[in-house]
Amino acid sequence: QVQLVESGGGLVQAGGSLRLSCAASGLTFSSYAMGWFRQAPGKEREFVARIRWSGGSTYYADSVKGRFTISRDNAKSTVYLQMNSLKPEDTAVYYCHLGLGSVDYWGRGTQVTVSS
């Protein structure tokens, strides 16, 4: 059974940094693209970043481009999201995502709060 477990969230001041991790199990991790989404209070869940199985291609939402970096360690079955220059509008629950055909897998999320 596929499991995704996020960690690394917390409270940080504007301009600060956090590194999120997502540990995956129950799948051949190195075969699949992985992504990060976020959901702020009262808003829809939105795409943040995605990384191909090899780590060679990455994609970002315009709102985080140049500030966030997605990476992966296939030996550890873990995907990371390095978040720099954080802004109050980055406050949200951050979710790890895996799409397998028509099935979406999500972690439980990790809260990121950026104070001004």
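Notes on the structure follow. Each residue is numbered by its place in its chain's sequence as written, counting from 1. Note on the predicted model: pLDDT of at least 70 is required for a residue's local features to be given, and 80 or more for side-chain atom pairs to be given and counted; whole-chain, interface and lining totals, by contrast, use all residues. Side-chain metrics in this entry use all non-hydrogen atoms of the structure; hydrogen atoms and water are not considered.

Topic: the state of the cysteines
- Two cysteine sulfur atoms make up a disulfide if the distance between them is within 2.5 Å. Using the criterion set out here, one finds one disulfide in the structure.
- Covalent S-S linkage joins C22 and C96, the inter-sulfur distance amounting to 2.1 Å. The chirality of the disulfide connecting C22 with C96 is left-handed, given an S-S dihedral of about -85°. Here C22 is found in strand β3 (residues 18–25), whereas its partner C96 is found in strand β9 (residues 92–100), with 74 residues between them in sequence. Working definition: helices are DSSP H or I runs of at least four residues, strands are E runs of at least two. Numbering for both runs from the N terminus.

Considerations on the sheet that holds strand β7 (residues 68–73)
- Two strands are said to pair when DSSP picks up at least two bridges between them. Strand order across the open sheet formed by four strands is β1-β3-β8-β7, with antiparallel pairing between neighbours. At either margin of the open sheet sits one strand with a lone partner, and together these are β1 (3–7) and β7. For this sheet, the mean inter-axis angle between neighbouring strands, taken without regard to orientation, is 15°. Every angle, taken between N-to-C directions, lies between 0 and 180 degrees, and every axis is a line fitted to C-alpha atoms, over only the stretch in contact when it is a helix.

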